[in-house]
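Tertiary structure, described
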Amino acid sequence: MSTENAAQEPQESRQSPEPLEPRVGPTPDAAPQVRPYHHPAAGWGAAKSVTRVLVEERELVDGPRAIMRMNHENGGFDCPGCAWPDDTKGLRLDICENGIKHVTWEMTRKRVDRAFFAAHSVTELAGWSDYDLENQGRLTEPMAYDPESDHYVPISWKEAFEVVGAALRGLDDPNRASFYTSGRLGNEATFLYQLMARELGTNNLPDCSNMCHEASGRALQAALGTGKGTVDLKDWESADALFILGVNAASNAPRMLTALAEAERRGAQIVHVNPLVEAAATRTIVPHEFLDMALFKSTRTSTLNLQPRIGGDMALLRGMAKAVLEQSASDPKALDATFVERHTAGFEEYRALCAATPWEKLERQSGLSRADILRAARVYTEADRSIVSWCLGLTQHEHGVDTVREIVNLLLLRGNIGREGAGPSPVRGHSNVQGNRTCGIDHRPTEAFLDRLADACGIDPPREHGLDTVRTIQAMRDGEVKVFVAMGGNFALAAPDTAATYAALRSCDLTVQVSTKLNRSHVVHGRAALILPCLGRTEKDHQRKGVQRTSVEDSMSMVHLSLGMKRPASPHLLSEPAIVAGMARAALPDSETPWDWYIEDYDRIRDTMAVVLDGFEDFNRRVRLPLGFRIKQPARELVFLTPSGRAEFSTAALPDVVPEPGTLALGTMRSHDQWNTTIYSDDDRYRGVKNLRTLVFMNRADMRERGIADMGAVDITSTAKDGSHRYLKGYTAVPYDIPRGCAAGYMPEMNVLCALGDYSTQSDQPIMKHVKVTIVPAAGG
Ligand SMILES: Nc1nc2c(c(=O)[nH]1)N[C@H]1C(S)=C(S)[C@@H](COP(=O)(O)OP(=O)(O)OC[C@H]3O[C@@H](n4cnc5c(=O)[nH]c(N)nc54)[C@H](O)[C@@H]3O)O[C@H]1N2
Ligand SMILES: Nc1nc2c(c(=O)[nH]1)N[C@H]1C(S)=C(S)[C@@H](COP(=O)(O)OP(=O)(O)OC[C@H]3O[C@@H](n4cnc5c(=O)[nH]c(N)nc54)[C@H](O)[C@@H]3O)O[C@H]1N2
Ligand SMILES: [Mo]
C-alpha cells in the first residue's frame with residue numbers, strides 16, 4: 001500500500017451540508033450568555049464548578065478521597081487529565097479543577113449495561129448528543145453490533161477476541177488493519193499493542209499525537225536530535241523568563257498556573273503569546289493554595305501579553321532573533337557566541353536570513369508592531385535563563401515544524417539549552433501521549449528501534465512505514481484498510497473532516513473500540529463492531545500475581561507508576577494490557593510471545609521493555625523510586641544526535657499567513673468545560689460564555705464589515721487547499737478581543753470544516769488552527 005502519494009491527490013468533498021446534526025454539548029436549559037470574565041483563574045469559580053461536577057456524579061464521598069490520592073508520591077494514580085508533571089516536591093498536593101472533573105467523570109456511578117443497549121437501537125443513539133452518550137456512565141461488558149436488530153448485544157470476551165482474531169487473520173495483507181492509540185494508554189499496554197501490530201506485520205499505528213505534537217517532535221528531532229522538550233519543573237522554577245505560546249493553560253494545563261504564579265513572585269518575566277488573551281495570561285489563585293482561595297488573594301501570571309495574528313508566531317520569533325542579532329553588534333553579551341560556535345551548526349546562514357528579512361514583513365506577518373516585537377526581545381536578552389513553552393496554537397499549522405524550529409533558533413542564540421532554567425518545553429496533551437511514542441507507538445519507527453524489538457521479542461517487524469491518522473482515514477475511505485482498532489479515544493469526532501471520517505469508519509469490515517464510556521465512535525461504526533470496556537486509571541487492576549501498576553510519562557520525561565484503587569465499575573471489565581493480549585492471542589495463534597504470562601505480572605512486560613527501549617535500563621527498580629525516573633535526554637547534556645553532531649539552526653522561509661481579502665483564519669480550540677470530545681457543559685467560564693458552544697469569536701470590526709450583529713447568527717464556509725467547501729450554519733458570532741482577520745471556535749464541532757486533505761506537508765498534522773473561512777450573516781437569519 002502506498003503512503004507516499006496521498007498529498008497530491010485532491011480531496012473530493014463528500015459533504016452533506018450539516019453532517020453534525022445531533023449536537024455535541026448538552027441541550028441548554030437557559031439562553032446563551034456572554035459576559036467578560038473578570039476573576040482570577042482557578043480560585044472559587046473553579047471550586048464551585050468542581051462541586052457541581054461532584055454533586056452531579058453523586059461522588060461527594062468518594063470523589064474527594066480519590067482526589068486526595070491522585071498524583072501522590074509512592075502510591076495513588078496518575079491524573080488521567082493533562083500531561084503536566086507532578087510537583088517536584090512530591091508530596092505536595094497539586095490538583096486542579098479540570099483534573100478533578102476528569103477523575104470524577106471516570107468514577108461516575110452511572111452504568112451502561114445490556115439493558116441499556118436492549119432499550120436503545122444504534123440508530124436511535126446516533127441521534128443523541130455526544131454529551132448524552134457519555135453521560136450514560138461507564139460501559140460494563142463487551143458488546144457486539146447486531147445488524148439484524150440494529151442493537152449492540154452482549155458477547156463474551158472469548159467470542160469478542162475471536163471476532164477480532166478472525167478478522168485480522170482473514171486479511172490478505174496485515175496493512176489492511178490500522179491500530180489507533182489515544183494518549184492515555186499506559187506504557188505497558190502501549191508496548192504490547194505495538195508488539196501485536198508489528199508481529200502481525202504492520203506499522204499502521206496512528207495516534208492522537210498525529211493531531212497534536214507531531215510538529216514538535218519532528219522539529220526538535222531535526223534541530224536537537226531528540227523529539228522531546230529538554231526541561232523539567234525544576235527548570236521552570238529557576239527560569240528568569242518564561243515565554244508561553246499558543247496554550248490555554250488555565251483550562252488545559254491548569255497546574256502550570258502554579259509554576260507561573262511562583263515565577264511571578266520571584267520576579268521572573270512571563271510573556272504570553274496568543275491571539276486571545278487567555279485566563280492564564282492575567283492572574284490566578286494557585287490551585288492548591290486553599291488559603292489564598294479563602295482570602296481571594298490572586299497572583300499575577302503575566303508580565304507581557306502579545307496578540308499575534310493566527311499563524312503569526314514564526315514572524316514574531318524571527319523578529320526577536322533579528323533584534324538579538326542587531327543588539328549584539330553593540331552589545332556582545334546579547335549573543336552567546338561561545339555556545340553558538342561550540343555547539344551549533346548553520347549560524348551564519350541564519351544570521352544572514354534574519355538580516356535580510358525586513359521589519360515591515362515581520363510586522364505584517366506577525367500582526368504585531370516592531371515596538372512589541374522589540375519589547376519581547378528585550379525580555380529575552382535581559383534574562384539569563386529562558387524557557388519557551390508551547391502547545392497546539394503553534395503546532396496545528398501548515399508551518400508548525402518551521403515555527404518550532406524557530407523557537408530553537410531563538411534559544412540557541414543565547415545558549416538557552418543544556419543548562420538549568422533554560423530550554424524548549426512543549427506542553428503535551430493527553431496524560432501519557434509522550435509515553436506512547438517512547439514505548440513504540442510510531443508509524444515511522446526507526447531501524448534501530450525495530451532491530452532491538454526484533455532481537456528482544458523474536459519477531460520480524462515490518463520495515464515499511466505505516467499510516468498515520470489522516471492516511472488511515474484516507475485508506476479506510478478508499479477500501480484499503482478494513483479493520484480499525486482504537487485503544488481509547490473518540491476517533492469519529494476527534495479526527496478532521498467529520499463527514500469523511502464517518503464515511504471511512506462506516507466502510508470498514510470491523511471497528512473495535514476499547515473504551516470506558518459510550519461515545520460517537522460506537523455509533524459510527526463498521527459493518528461489524530465491538531465495544532470492549534476497560535478499567536480506568538483509577539481502578540484496581542487484579543491479575544494472577546496480584547494488583548498491578550502501570551507506568552506513564554509526563555510532558556517532562558518523568559516516568560512513574562500509577563496505581564488504581566477503586567473497585568472496578570463492573571466485574572466484567574478487563575485491563576487494557578489484558579485486552580491487547582486477548583486480541584493478540586486470537587490474531588496470532590502461532591505467536592511465541594508469552595501474552596498470558598505477561599499479563600500475570602506487568603513487571604514481566606517492563607523487563608522486556610527495559611531491553612528494547614532506550615533509557616529504560618533497570619526499569620522495574622527505577623520506576624519504583626519515590627518520584628520515578630527521568631528518561632535521559634542527550635540534548636540536555638549538550639549531546640546532539642543530529643547529522644552534524646551539533647544543534648542545527650534552520651533557515652525556513654517565512655510563510656505568508658495573512659488571510660486573503662474577505663477571508664478569515666479560523667482556529668479551532670477547546671472550551672474550559674470539555675476534555676477533547678468529552679463535553680462537561682456548554683459553558684466556557686474564563687471566556688465568559690454560558691450555554692453556548694455553536695459560536696465563533698470574531699473581532700468586532702470584522703463583524704461590522706460583514707453586517708454581523710453582536711450574537712448574530714452566521715454561516716461559516718471553509719475553503720480547502722483543493723478548493724472544496726465545507727459548511728457550518730446558524731452559528732452565533734461573539735465579539736471578542738482577537739486580532740482582525742482571525743476567528744476562533746470549538747473543536748470537535750468545527751472538525752466539520754477541516755478538510756481531510758488539509759494537513760501540513762511538514763508534519764502531516766491536520767491544520768486545525770488555521771482554517772480558511774468566510775463568515776456571513778446566516779441565510780434567513
Ligand atoms: N481540561 C482540558 N485539558 C486538556 C485538554 C482538554 O480538552 N481539556 N486536552 C488535552 C490535549 S489532548 C491537548 S493536546 C492539550 C491542548 O492544549 P491547548 O494547546 O491549550 O489547546 P487548545 O484549546 O486547542 O488551545 C490552543 C490555544 O492556542 C491559541 N491559538 C490558536 N491559534 C494560535 C496561533 O496561531 N498562535 C498562537 N500563539 N496561539 C494560537 C488559542 O487561542 C488557544 O489559547 O490540552 C490537554 N489538556
Ligand atoms: N478541530 C480540532 N480537532 C482536534 C483538535 C483540535 O485542536 N481541533 N485536537 C486534537 C487532539 S490534540 C487530540 S489529542 C484529539 C483527541 O482525540 P482522542 O484521544 O481520540 O479523543 P478523546 O476525546 O480524548 O477520547 C475520549 C474517549 O476516550 C475513552 N476513554 C477515556 N478514558 C479511557 C481509558 O482510560 N481507557 C480507554 N481505553 N479509553 C478511555 C472514553 O470512551 C472517551 O469517550 O483530538 C484532536 N482533534
Ligand atoms: Mo492532544
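With an unreviewed UniProt entry as reference, the protein chain is termed Formate dehydrogenase, source organism Streptomyces violaceoruber. Checking UniProt for the protein chain, the heading Sequence similarities (unreviewed entry) contains the comment "Belongs to the prokaryotic molybdopterin-containing oxidoreductase family."

Thoughts on the confidence of the model for the protein chain
Counting all residues, the mean pLDDT for the protein chain is 90, and 89% of those residues have values of 70 or more. Confidence drops under pLDDT 50 across residues 1-19; counting only partners more than four residues distant or on other chains, this segment forms 38 contacts.

Let's talk about the nonpolar core
Counting 61 residues, the largest nonpolar core has Leu168, Phe179, Tyr193, Met196, Leu530, Leu532 and Met583 as its most contacted members. Contacts of Tyr193, omitting those with residues within four sequence positions, involve Phe179, Tyr180, Thr181, Leu185, Ile441, Val485, Ala486, Met487 and Val580. The next biggest cluster of nonpolar side chains, apart from the first, holds 60 residues, and it includes Ala486, Leu493, Leu664 and Ala733.

Some details on the sheet that holds strand β5 (residues 143-146)
Strand order in this open sheet of six strands is β6-β5-β18-β17-β16-β7, and the pairing throughout is mixed. At either margin of the open sheet sits one strand with a lone partner, and together these are β6 (151-154) and β7 (177-181). Between one strand axis and the next, the sheet turns by 20° as a mean value, whatever way the strands run. Across four bridges, the pairing between β5 and β6 is antiparallel. Each bridged residue has a counterpart across the sheet, and for Met143 the counterpart in β6 is Pro154. In the packing of helix α7 (residues 157-169) onto the sheet, the strands contacted are β7, β16 (483-487), β17 (510-515) and β18 (528-533), and the crossing angle to β18 comes to about 135°.

Topic: the site of ligand 2
Lining the immediate environment of ligand 2, one finds 31 residues, of which Glu134, Tyr180, Ala494, Glu576 and Thr677 sit closest. Tyr180 places a side-chain nitrogen or oxygen 2.7 Å from an oxygen atom of ligand 2. Within the contact set of ligand 2, a nitrogen atom lies 2.9 Å away from a side-chain nitrogen or oxygen of Arg670. Protein chains bury 98% of the 930 Å² of accessible surface belonging to ligand 2 in isolation. Class assignment for the residues of the shell around ligand 2 results in twelve nonpolar, 13 polar and six charged. Here the shell around ligand 2 gathers at least three residues from each of two domains, domain 1 (3-13 + 136-210 + 432-538 + 570-608) and domain 3 (664-777).

Observations regarding the site of ligand 1
By nearness alone, 29 residues border ligand 1, and Asn274, Glu278, Gly311, Asp313 and Asn676 come closest of all. Summarising the interface, the protein chains cover 98% of the accessible area of ligand 1, which totals 920 Å² for the free molecule. Contributions of two or more residues to the shell around ligand 1 are made by α11 (249-252), α19 (392-395) and β26 (674-675). With three residues, α19 is the single largest residue contributor to the shell around ligand 1. Of the residues contributing to the shell around ligand 1, the split by class is twelve nonpolar, 13 polar and four charged. Each of domain 2 (214-426) and domain 3 (664-777) accounts for three or more of the residues forming the shell around ligand 1.

Quick word on the environment of Glu648
You can see Glu648 is positioned in strand β24 (residues 647-648). For Glu648 and Ala345, which are 303 residues apart along the polypeptide, the C-alpha to C-alpha distance reads 4.9 Å. Once residues lying within four places of it in the same chain are set aside, the contact partners of Glu648 are Ala222, Ala223, Ala345, Arg405, Asn409, Leu412, Thr642 and Pro643.

What to know about the side chain of Arg685
Along the chain, Arg685 falls in the loop between β27 (678-679) and β28 (689-690). Under the relative-accessibility criterion, Arg685 is labelled buried at 18%. A polar contact is formed between the side chain of Arg685 and the side chain of Tyr686, at a distance of 3.2 Å.

Description of the pattern of salt bridges
Applying the stated rule across the entire model yields 46 salt bridges. With a closest N to O distance of 2.8 Å, Arg169 and Glu162 form a salt bridge. Given the relative accessible area of 37%, Glu162 is considered partly exposed. Glu617 is paired through a salt bridge with Arg622; the nearest N and O atoms lie 3.8 Å apart. Owing to a relative accessible area of 18%, Arg622 belongs among the buried residues under this scheme. A single salt-bridge network, built from bridges that share partners, covers Asp207, Glu214, Arg218, Arg437, Asp468, Arg471 and Asp764.

Notes on the packing of helix α14 (residues 313-330) against helix α17 (residues 359-366)
It is the contact of α14 with α17, at a shortest axis distance of 8 Å, that shows an interaxial angle of 150°. Relative to α17, the element α14 is oriented roughly antiparallel. Our pair here, α14 against α17, has a crossing hand that is left-handed. Residues Ala315, Leu316, Arg318, Gly319, Lys322, Ala323 and Glu326 of α14 form the contact with α17, whose participating residues are Trp359, Leu362, Gln365 and Ser366.

Scoring rules and cut-offs
Residues numbered from 1 in each chain as written. Chains lettered and ligands numbered in written order. Predicted model: local features only at pLDDT ≥ 70, side-chain atom pairs only at ≥ 80, totals over all residues. Heavy atoms only, no water. UniProt positions renumbered as here; feature names shortened; annotations may be inferred. pLDDT = per-residue confidence, 0-100. Contact = heavy atoms within 4.5 Å. Core = buried A, V, L, I, M, F, W, Y, C linked by side-chain atoms within 4.5 Å. Buried < 20%, exposed > 50% of the residue type's maximum accessible area, 1.4 Å probe, protein only. Pairing = 2+ DSSP bridges. Helix = DSSP H or I, 4+ residues; strand = E, 2+ residues; numbered from the N terminus. Axes fitted to C-alpha atoms, helices over the stretch in contact; angles between N-to-C directions. Near = heavy atom within 4 Å. Polar contact = N/O pair within 3.5 Å; in protein donor to acceptor, adjacent residues only side chain to side chain. Areas by Shrake-Rupley, 256 points an atom, 1.4 Å probe, with all protein chains shown as cover. Nonpolar A, V, L, I, M, F, W, Y, C, P; charged D, E, K, R; others polar. Domains from an automatic or database assignment. Salt bridge = Lys/Arg side-chain N within 4 Å of Asp/Glu carboxyl O. Parallel < 35°, antiparallel > 145°, perpendicular 65-115°, else oblique. Left-handed = near helix turned anticlockwise from the far one by under 90°.

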